[in-house]
Amino acid sequence: MDTPSFDLIDVIRTIQKQKRFIIIITVAAMVVGGLFYAVKKKKYKAEATFFVNNPLYGDRNTLFRSNETRYVDYFGGDDDLDKITALGNSDTVKDRIIRNCDFDKIYKFGDMANDTAHAMYMAAFNKNFNLKRSEYKDITVSYIAYDPKTAAGVANMSVQVLEELYRHYYTSMKEGMEASIHNKVTQLDSSINVLTDSLAGMRDRYGIYSIISPARQNVMSGDMKGGGKGYGKAIEEIQNIESVKDQLVTDRAHYISVINEFSAASNSSMTYLKMISRAVPPTSPTGASLFMIVLVGGCLGMFFSILYVLMIAYYRRLNAVVR
């Protein structure tokens, strides 16, 4: 038995015969697409764009440089952008954002202290949040929500949390070094007080009030008066103790200067991210427009209706040959 032929001419004739059916199905698909667009709950997308500042520009070696003038770029490099990207994808940042934005009031999955509810909040955030960087070394964060204000609020809060944690990464180390040096200054204060008491007692005991410290190179030693047994040894002891005390006082002054430098470098007035485009509540929903949905629906309806009528026509011809 030969297979019945079904060439291009037969296809065109079949479509012409069933064009009314095809048009009805196409129009029906377009109507369904329009109804779907009208019924579907609208989602809104808000975006915020920012630059990453170079953290080295706020370092104490840059703020208080005195020996060497070295150019430091204002904008962060690729390594800094990679750090921001890593922070943006971390659970620490995401958890801070969902708590600051009160996700329990927005999505109402339950108490945020509950592990299951917290996982649902994190899943909702991961689904609608996006962070991307461009070739111009700027980073854009976006969030999609059913409410325009919620979308804009989460996007702006994301930038704020990223800036706080990124800045804290650097300032915490500076504050730690500042606290360590401050503890050393406290120890020096105790040692200086002990040496001061010892020197004062020895000077009063032997009547030696001249400046005889070898550490003070720009000060001329005065004439020393007095004498007696033990007088020479007292001068040597005073000179030794005075040299140690002067060095400790010099170190203390240097440490206090370094503390002030670290304090200035970790000041909160310096920001590490610069927002160049703040997120605002969007006025139009995200996703495909009504025209695109109707057009796609019409194309799909036409395609499947044509496919249907061709299959039906071919099987009818095949059954006629078999009979």
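Residues numbered from 1 in each chain as written. Predicted model: local features only at pLDDT ≥ 70, side-chain atom pairs only at ≥ 80, totals over all residues. Heavy atoms only, no water.

### A closer look at the sheet that holds strand β1 (residues 44-52)
Taken together, 4 strands build an open sheet; the order of strands is β2-β3-β1-β4 and the sheet is antiparallel. Across the chains shown, the open sheet's two edge strands, defined by having one partner strand only, are β2 (129-133) and β4 (273-277). Shown here is a sheet whose adjacent strand axes are inclined to one another by a mean of 25°, direction ignored. Relative to strand β3 (residues 138-145), β1 is paired through 8 bridges, and the arrangement is antiparallel. (Pairing = 2+ DSSP bridges. Helix = DSSP H or I, 4+ residues; strand = E, 2+ residues; numbered from the N terminus. Axes fitted to C-alpha atoms, helices over the stretch in contact; angles between N-to-C directions.)

### Re unusual backbone geometry
Of note in the backbone geometry, D102 takes a positive phi value of approximately 55° without being a glycine. Tracing the backbone shows D102 in the loop between α5 (91-100) and α6 (103-106). Positive phi values are uncommon outside glycine, yet K137 reaches one of about 65°. For K137, the position within the fold is in the loop between β2 and β3. Assessed through its relative accessible area of 39%, K137 is described here as partly exposed. (Buried < 20%, exposed > 50% of the residue type's maximum accessible area, 1.4 Å probe, protein only.)

### Considering the nonpolar core
Counting 36 residues, the largest nonpolar core has F50, V52, I84, I97, F103 and F125 as the members making the most contacts within it. Among the secondary structure elements, those contributing two or more residues to this core are β1, α4 (78-88), α5, α7 (115-128), β2, β3 and α8 (148-206). Among the elements that line this core, the one with the most residues is α8, at 11 residues. Leave out the neighbours within four places in its chain, and F125 touches K94, I97, I98, F103, Y143 and V154. Judged by nonpolar contacts, the second largest core, of 8 residues, contains I212, Y231, A234 and I235. (Core = buried A, V, L, I, M, F, W, Y, C linked by side-chain atoms within 4.5 Å. Contact = heavy atoms within 4.5 Å.)

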